[in-house]
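Breakdown of the fold
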Amino acid sequence: MKVICSRDASLYRPEVVRWRERMAMMEPLGDVVVALPCSMKKPYSNSQSHQKFRRATKGYQEVIVTSPFGICPRELENTFPIQSYDVAVSGDWNDDEIRLAGELLRDYVGDKPVIANVEGGYEEVCREYLDNCTYVCDGGRPTSLQSIFNLREELKKYPKTKHRDRVLNELRSVAKYQFGKDAEAMITDDVVAKGRYHRTLYSNGKTVALLNRDVGLYTLNLEGGRRLAELGVHVVEIDFDLKTNSLFAPGIVNADPSILPKDEVVVVRNDEVVAVGKAVLTGREMTELRNGIGVKIRHRIKK
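Residues numbered from 1 in each chain as written. Predicted model: local features only at pLDDT ≥ 70, side-chain atom pairs only at ≥ 80, totals over all residues. Heavy atoms only, no water.

1. Things to note about the overall build of the protein
Each helix and strand counted, the protein has eight helices and 17 strands in total. Rg of the C-alpha trace for the protein: 21 Å, near the compact-globule value of 19 Å for 303 residues, within the 12% margin. For the protein, the C-alpha atoms occupy an extent of roughly 65 × 45 × 30 Å along the three principal directions. The 303 residues of the protein split such that 51% are buried. A fraction of 61% describes how many contacts in the protein between residues 6 or more apart in sequence connect residues 24 or more apart. (Helix = DSSP H or I, 4+ residues; strand = E, 2+ residues; numbered from the N terminus. Rg over C-alpha atoms; globule rule 2.2 N^0.38 Å. Buried < 20%, exposed > 50% of the residue type's maximum accessible area, 1.4 Å probe, protein only. Contact = heavy atoms within 4.5 Å.)

2. Observations concerning the sheet that holds strand β11 (residues 217-220)
Reading across from one edge, β8-β9-β10-β11 is the order of the four strands in this open sheet, with antiparallel pairing throughout. Of all the strands in the sheet, just β8 (192-194) and β11 have a single pairing partner and so form its edges. Recorded for the sheet is a direction-independent mean angle of 30° between the axes of neighbouring strands. Bridge count between strand β10 (residues 206-212) and β11: four bridges; the pairing is antiparallel. In the sheet register, Leu211 faces β11, and the bridge partner there is Tyr218. Strands β8, β9 (199-203), β10 and β11 of the sheet are contacted by helix α6 (residues 163-179), whose axis makes an angle of about 80° with β11. Of the strands in this sheet, β9, β10 and β11 touch helix α7 (residues 222-231), which is tilted by about 90° from β10. (Pairing = 2+ DSSP bridges. Axes fitted to C-alpha atoms, helices over the stretch in contact; angles between N-to-C directions.)

3. What to know about the side chain of Gln61
Considering the arrangement of structural elements, one finds Gln61 in strand β3 (residues 61-66). Looking at Gln61, its side chain comes within polar contact range of the side chain of Tyr108, at 3.2 Å. Here Gln61 is in contact with Pro28, Leu29, Val32, Val33, Val34, Pro73, Arg74, Glu75, Tyr108 and Asn169, once residues within four sequence places are set aside. (Polar contact = N/O pair within 3.5 Å; in protein donor to acceptor, adjacent residues only side chain to side chain.)

4. A short note on the pairing of β9
With burial as the criterion, only one face of β9 is covered, namely that bearing Arg199, Leu201 and Ser203; the residues Thr200 and Tyr202 on the opposite face remain uncovered. When β8 meets β9, the two strands line up antiparallel, connected through three bridges. Opposite Ala193, over in β9, you have Leu201 as the bridge partner. From the end of β8 to the start of β9, which pair antiparallel, there are four residues, and Gly195 there has a positive phi angle of about 135°. With five bridges joining them, β9 and β10 adopt antiparallel strand pairing. Looking across to β10, one finds that Arg199 is bridged to Leu211. Between β9 and β10, which pair antiparallel in sequence order, lie two residues; one of them, Asn204, sits at a positive phi of approximately 50°.

Given below as structure tokens:
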């Protein structure tokens, strides 16, 4: 589904604001951060410009500067809604766009050095909000041979991060974005991801979740549900024996108030995970309404 961002008011669309709030939880990996401009084509890696960038930046943390969303770490570029928004790229940024993106970028990089291959409004953001930043764009063309050469030369000063560390960072970043900061703990060091496109997560021979690359979010299995339940995240409590794949609101005793419709949730009875599924109602509605389906169950323990 396309998210159309064609007006200044798009800065305050609910899904855009929520994205920026979640980006405040993210932390860069490695010793340096590469700042890059966005592209018309989404996900960014599908564009010719970012294919050129990625050949130069492999092994380093990248962050894409964009409006109205502010920033996007490379590992989250397949995540909805950043993977499907549509916005006119004029190169001119207004004060609100610069401020919102700049504050996010500054807080994200912290005290790490930044190498910026940017121009126009993207460069304005970096120059106004970053202190420790090296600019490599030549002649206002980030994709030029000279700009890419400059980028490579600057990156040689820093060590690359290990592939395994990058994989775990991506998986944990998705968990934080989808479920909240504490949820990164669901991705333990032994988790492995298998699959050429959609990726299935395993731990100790158990399936934890499926990372759906079409939307960049997890679909939980029971093991993933147990891990979230231990963290107290997206939990729905019931007090009866669940025997169907529809959980109605009247049977729900308590629910995490942060739950929104279409969120992945964990159903618990007497502190035991009995099912995982997708929310139909908000957490508040699940406990207040006396009719309607609260959760559509995907997997449940059958006795």
